[in-house]
Amino acid sequence: MMDEKAVKPRKSRNILITGGSSGIGAAAVRTFASRGDQVWFTYHRGKKRAHELINALRRNALIPPNALPFDQSSWDSLQQLIGALPAEIDILVNNAALGTKTVELAGLEERHLQDELFTQVNCLGPLWLTKQLLPGMLKRGYGKILMLSSVDGGIAAFPGFRDTDGMTKAAIAFLTRQWAAELIHDPVEIFCVCPGAVDTPMFRQSTLDPLSPASADELIARLPKGRLIRPDEISEILWWLTTEAAIALHGAVIDASMGLGVHPGCITMQNPRAILKEDIT
């Protein structure tokens with residue numbers, strides 16, 4: 001195991017984390033802020049959670065983080081976000097995304113409209129934001145882009161899961177490889193992390209909450225290691241990818257599912273419709 005002090009960045013960097021008010025995003029805010037980086041993170045409907053996170057970190061973070069509103073489906077909101085950033089961004093963490101249940105919070109009942117929103121938020125949002133920030137990274141000669149996908153779509157296919165969800169997460173893995181190829185001789189590295197069953201509100205809403213308590217416990221017991229992944233386990237991977245030691249992984253699409261990506265049957269071994277997220281008709 002490499003000594004953390006040997007790879008810890010020597011100076012503060014400017015970090016932008018989308019969707020930082022809960023789940024993996026909030027864990028990433030904690031991890032980067034606690035190590036001396038200046039963190040800006042975005043929220044959409046989680047304004048209260050965002051300010052609670054900031055207040056909780058004021059006591060421990062060397063530089064307290066700041067939160068900015070952002071609707072990742074909106075080009076106008078993107079331009080407002082870019083205009084509100086008080087400094088150039090060194091590291092972009094494209095974390096914000098919709099899941100099978102969170103897409104329903106938008107109030108769109110028609111399935112085709114939900115599919116359209118999936119594409120806008122999960123695909124076009126990261127595409128637009130990255131293309132806005134990448135030129136500055138190239139001009140300054142330094143940058144890291146961390147893409148958050150999912151084991152479903154980014155690594156493997158899960159029968160019975162919503163196809164639009166997996167399709168948009170697969171697009172993120174493709175974008176990583178595409179940009180990595182284009183940046184092969186440039187001083188900007190890009191990586192894609194594909195988490196598995198992480199203990200986040202999104203995963204619980206989409207997969208565990210529809211089940212009875214007994215069925216949810218049974219599902220968790222079937223997962224690799226018999227447990228959910230902690231958000232901070234993923235955020236530690238994200239932080240390490242911003243160190244010099246990770247440059248050799250430029251362009252990598254990383255299976256961070258604790259083995260679920262190579263054994264999807266841990267979830268789907270039973271009748272997929274027992275945990276079906278939608279009716280496929």
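Each remark here, short or long, concerns the structure printed above.
These numbers were taken from a predicted model, which means no experiment stands behind them.

Q: An account of empty space enclosed by the protein is requested, with residue identities and associated values reported.
A: According to the stated counting rule, one finds one cavity of 30 Å³ or more in the structure shown. What lines the largest cavity is Asn94, Asn95, Ala96, Ala97, Asn122, Pro126, Leu148, Lys169 and Ile172. Where the lining of the largest cavity is concerned, the elements lending two or more residues are α5 (111-140) and α7 (163-182). Classifying every residue of the lining of the largest cavity by side-chain character gives five nonpolar, three polar and one charged.

Q: Give me the packing of aromatic side chains: which residues, what numbers.
A: Taken as a whole and judged by the stated rule, the model has two aromatic pairs. A ring pair is formed by Phe158 and Phe161, whose centres lie 5.5 Å apart and whose planes are at 40°; its orientation type is tilted. Just above the ring of Trp239 sits the side chain of Arg35; from NZ or CZ to the centre is 4.4 Å.

Q: An account of the layout of surface pockets is requested, with residue identities and associated values reported.
A: In this structure, the largest pocket occupies an estimated 1,200 Å³ of space. Lining the largest pocket we find 49 residues, and of these Ala97, Leu98, Gly99, Thr102 and Met202 sit closest to its centre. For the lining of the largest pocket, the secondary structure elements donating two or more residues are α2 (23-34), β2 (38-43), α5, α6 (151-154), α7 and α8 (201-208). The greatest single-element share of the lining of the largest pocket, amounting to six residues, is contributed by α8.

Q: If you had to explain the pattern of salt bridges to someone new, which residues and values would you point to?
A: Considering all chains together, one arrives at 11 salt bridges under this definition. The salt bridge involving Glu88 is made with Arg140; its shortest N-O contact spans 3.0 Å. Of this pair, Glu88 sits in the loop between α4 (75-84) and β4 (91-94) while Arg140 sits in helix α5; the two residues are 52 residues apart in sequence, bridging distant segments of the chain. Between Glu233 and Arg230 there is a salt bridge, and its shortest N-O distance comes to 3.7 Å.

Q: Quick rundown of the sheet that holds strand β1 (residues 14-17)? Include the residues and the values.
A: Ordered by their spatial adjacency, seven strands build an open sheet running β3-β2-β1-β4-β5-β6-β7, and the pairing between neighbours is parallel. The two strands at the open ends of the sheet, each matched to only one other strand, are β3 (66-69) and β7 (253-256). The mean angle between the axes of side-by-side strands here comes to 20°, regardless of whether they run parallel or antiparallel. Sheet topology note: the β2/β3 ladder contains four bridges and is parallel. Directly across from Phe41, in β3, lies its bridge partner Ala67. Sitting on the sheet, α7 touches β5 (143-148), β6 (188-195) and β7, and the angle it makes with β6 is about 160°.

About the thresholds
Residues numbered from 1 in each chain as written. Predicted model: local features only at pLDDT ≥ 70, side-chain atom pairs only at ≥ 80, totals over all residues. Heavy atoms only, no water. 1 Å grid on protein atoms, 1.4 Å probe; cavity = no way out; pocket = protein on both sides within 12 Å on 5 of 7 lines; lining within 4 Å. Points joined across faces, edges and corners; volume = space filled by probe spheres on them. Helix = DSSP H or I, 4+ residues; strand = E, 2+ residues; numbered from the N terminus. Nonpolar A, V, L, I, M, F, W, Y, C, P; charged D, E, K, R; others polar. Phe/Tyr/Trp six-rings, centres within 6.5 Å; stacked < 30°, edge-to-face > 60°. Lys NZ or Arg CZ within 6 Å of the ring centre and 35° of its normal. Salt bridge = Lys/Arg side-chain N within 4 Å of Asp/Glu carboxyl O. Pairing = 2+ DSSP bridges. Axes fitted to C-alpha atoms, helices over the stretch in contact; angles between N-to-C directions. Contact = heavy atoms within 4.5 Å.

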